[in-house]
Number of protein chains: 2
Amino acid sequence: MAQKKTTRKTTAPSNLTDRVRLLQKRLRPSGASALLLTNPRDIRYLTGFVGDDSWALIPLRSSKAYILSDFRFDEQIAKEAPHAQAIIRKKSLAEELATLANRLRLNKVALQPDYLTLAQRKPLAKHLGAKRLLKTDDGLLQQRAVKDADEVKAIRKALAIQQQAFRETCQFMKHGQTENEVAAYLEYRMRALGADGVSFPSIVAADANGSLPHAVPGKAKIKAGGSVLIDWGARYNGYCSDMTRVVALGKMKPKIEEVYQIVLDAQMAAIEAIEPGKKLSEIDKVARDVITKAGYGDQFGHSLGHGLGLDIHEQPVLSGKAKGVLVPGHVVTVEPGIYLPGVGGVRIEDDVLVTPKGHKVLSDLPKSLESAII
Amino acid sequence: MAQKKTTRKTTAPSNLTDRVRLLQKRLRPSGASALLLTNPRDIRYLTGFVGDDSWALIPLRSSKAYILSDFRFDEQIAKEAPHAQAIIRKKSLAEELATLANRLRLNKVALQPDYLTLAQRKPLAKHLGAKRLLKTDDGLLQQRAVKDADEVKAIRKALAIQQQAFRETCQFMKHGQTENEVAAYLEYRMRALGADGVSFPSIVAADANGSLPHAVPGKAKIKAGGSVLIDWGARYNGYCSDMTRVVALGKMKPKIEEVYQIVLDAQMAAIEAIEPGKKLSEIDKVARDVITKAGYGDQFGHSLGHGLGLDIHEQPVLSGKAKGVLVPGHVVTVEPGIYLPGVGGVRIEDDVLVTPKGHKVLSDLPKSLESAII
């Protein structure tokens, strides 16, 4: 019953080792002897391996990670995760896992309940035994909220790409083009500039469509003298970035101009308030107070921002209901908005890193009212 | 405990009614009183509603479908599925489902084990009672394999878009461009021509990279006198299309030319063999025999084709191991290939509809050896 395995002698990069150690420390009290990773982003986060259709096993009392995969990914694992032990399966993933768990004498294996279907659990229960399966909150969403230097670097690179693509799109954009045409061009330029892809489907919303927070780009036309809300992001090395800008062709309608300045003031005030130890709900309140005082509180119907990383929506959430405080390494969007049905919407969004002493805004496209006229 | 509901008086389009009736007939013997849909593609297939974060409930002894969603999708449901009853949730999906199931006196609710996580099942078991949950293979993958006229129309439209984008990309492609640049342009044009998006990440593989069946476009350059394998698809109204062509800039290397003709002969022979009642494995064999006879059997390491529809990979599968036969309404790819490590690869892929009397090739980009020189 010996499994075909490829033994690597490389040591894991120190940031991966740190991530695994923290996970092990957190999970030991649960009684688990290992964690089975079925979420591809978590596998990437803890091993470096990017392929799909694969699982990873992290024993809690050993420094060796195991990747259960198939022949298609043998070379890729060797390249991306040379420190991990690759198990190139000949039987099903569940059978290979059972063999491995027995070999390592693992008593209890913790699962990721958010990333395992009923259909996937069934053969696990059969081959490993249902009693050895543990549904543990693995806390990885919380752990991943705090970014290390490599992660911040990837987000910065994603931002550099999305900002350059935006500049090119502002050159490209003309009266009479459809939202869909502009979105397609913007995404093309991000991809051509080296993005893995988009971090989410871009929003390009002309005039009144800008009042729908999750508008899908359609056949509506960009018009001279009208405004366009663009919410877009790039993915680089797996990491997401996310920004929003509102621009107007030639001139901006007075009502949009009025709320633009309010949203910008609210955003700047909230960014200014960001520092370690501050309550998440407090940051939301700073922006909301500015908008409410200006009389548009009811037109700001969503929370202020969210963490981002390997997922476009991560912890922490900047909302009135959120518990907890900011800590160094959090990367959050700050994106207040005012939406006027039938008229249009303004949202301004930047990505902000919480530093040991305060914060650093990672995005730097201009956002003054003047710069919004193109 | 009355649920907020929006009652619509519209009747469902007849193809949706037919789909629901067939599902009900198939599932009644299972003892279920309703099926809970958690796969968004199945929700779309049976109700027409396209949003996410929503579930649908199909009782097996009533013609009314229920969509459990939230306020963001209220208008969208009214537009896309006016015949369904929308339940705009105030509590969790699981709680709303339990209220609905009690109101309808549903005894057993069948789940979709491939599309329900352990974390999603937990509150269902709590509010509905674990004994009322039934893990049934709902057979929708088999049902969806047979396309109706509306579905074929959407696939045709996706093909028209991807073919036009390909023609434009052939004009755009020049010596010295990277694979990634070409892939980005191709996807841009599909989007600009009205595609919802791509049906899968495009493969643009220059020269030797063409020998990797799932190459990711990278920084390798397209060269005059070299070959490029392009495997791409568009999505329209949710439906996928999928084609592969190999082109050469100016002239083709003799070895590629040799295998090109063999692959083309294999593909044409397999397409010719397609008709209702034929074994799936037999179609694979027709193509494989041509390639094996030419001495390249070992260089054709994947199955011949697959169904497509709302998913890019659907039933039926054209492989040596597949059970079953072709039936009218199947839409399959036919994509033999020969891969020569270090040299390059050729794969030629078209989408074929099984008709009552034979078949109809839905794609029509030229594929003769002459047409491959651009």
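Residues numbered from 1 in each chain as written. Chains lettered and ligands numbered in written order. Predicted model: local features only at pLDDT ≥ 70, side-chain atom pairs only at ≥ 80, totals over all residues. Heavy atoms only, no water.

**Focus: the confidence of the model for chain A**
- Averaged over all residues, the pLDDT of chain A equals 94, while 97% of them reach at least 70.
- Predicted complex metrics record ipTM = 0.89 and pTM = 0.91. (pLDDT = per-residue confidence, 0-100.)

**As for the sheet that holds strand E8 (residues 197-198) of chain B**
Residues and elements named next belong to chain B.
- Strand order in the open sheet made by the three strands is E8-E11-E12, with antiparallel pairing throughout. Every interior strand has two partners, whereas the edge strands, E8 and strand E12 (239-240), have only one.
- When strand E11 (residues 234-236) meets E12, the two strands line up antiparallel, connected through two bridges. Residue Tyr-236 lies in a different strand from E12, and its bridge partner there is Tyr-239. (Pairing = 2+ DSSP bridges. Helix = DSSP H or I, 4+ residues; strand = E, 2+ residues; numbered from the N terminus.)

**Considering the relation of the copies chain A and chain B**
- Placing chain A over chain B gives an RMSD of 0.0 Å and needs a rotation angle of 180 degrees, together with 0.0 Å of translation along the axis. Each copy turns onto its partner about a two-fold axis. Ranked by how close their C-alpha atoms come to the rotation axis, the residues of chain A are headed by Thr-117 of chain A, at 2.0 Å.
- Comparing contact sets, 100% of the residues at the interface of chain A also lie at the interface in chain B, consistent with an isologous, same-surface contact. (Least-squares fit on C-alpha atoms with pLDDT ≥ 70 in both. Contact = heavy atoms within 4.5 Å.)

**Details of the environment of Phe-49 of chain A**
Residues and elements named next belong to chain A.
- With respect to the helices and strands, the residue Phe-49 is situated in the loop between helix H2 (40-47) and strand E3 (55-59).
- On the accessibility criterion, Phe-49 (0% relative accessible area) is buried.
- Sequence-wise, Phe-49 and Asn-180 are 131 residues apart; in three dimensions their C-alpha atoms are separated by 34 Å.
- Those residues within four positions of Phe-49 in sequence are excluded, and the remaining contacts are Ile-43, Arg-44, Ser-54, Ile-67, Ser-69, Phe-73, Gln-76, Ile-77, Glu-80 and Ala-81. (Buried < 20%, exposed > 50% of the residue type's maximum accessible area, 1.4 Å probe, protein only.)

**Quick notes on the packing of helix H8 (residues 179-192) of chain A against helix H8 (residues 179-192) of chain B**
- In the contact formed by H8 of chain A and H8 of chain B, the axes pass within 9 Å of each other and the chain directions differ by 170 degrees. Of the possible angle classes, the one that applies to H8 of chain A and H8 of chain B is roughly antiparallel. Of H8 of chain B, the residues touching H8 of chain A (which contributes Asn-180, Glu-181, Ala-183, Ala-184, Tyr-185, Glu-187, Tyr-188, Arg-191 and Ala-192 of chain A) are Asn-180, Glu-181, Ala-183, Ala-184, Tyr-185, Glu-187, Tyr-188, Arg-191 and Ala-192 of chain B.
- Looking at the contact of H8 of chain A with H8 of chain B, its residues break down into 10 nonpolar, two polar and six charged. (Axes fitted to C-alpha atoms, helices over the stretch in contact; angles between N-to-C directions. Parallel < 35°, antiparallel > 145°, perpendicular 65-115°, else oblique. Nonpolar A, V, L, I, M, F, W, Y, C, P; charged D, E, K, R; others polar.)

**Looking at the pairing of strand E16 (residues 331-334) of chain B**
All names here are of chain B.
- Here E16 shows a buried face lined by Val-331 and Thr-333 and a second buried face lined by Val-332 and Val-334.
- Looking at chain direction, E16 and strand E19 (residues 350-354) are connected through four bridges and run antiparallel. What sits directly across from Val-332, in E19, is Val-352.

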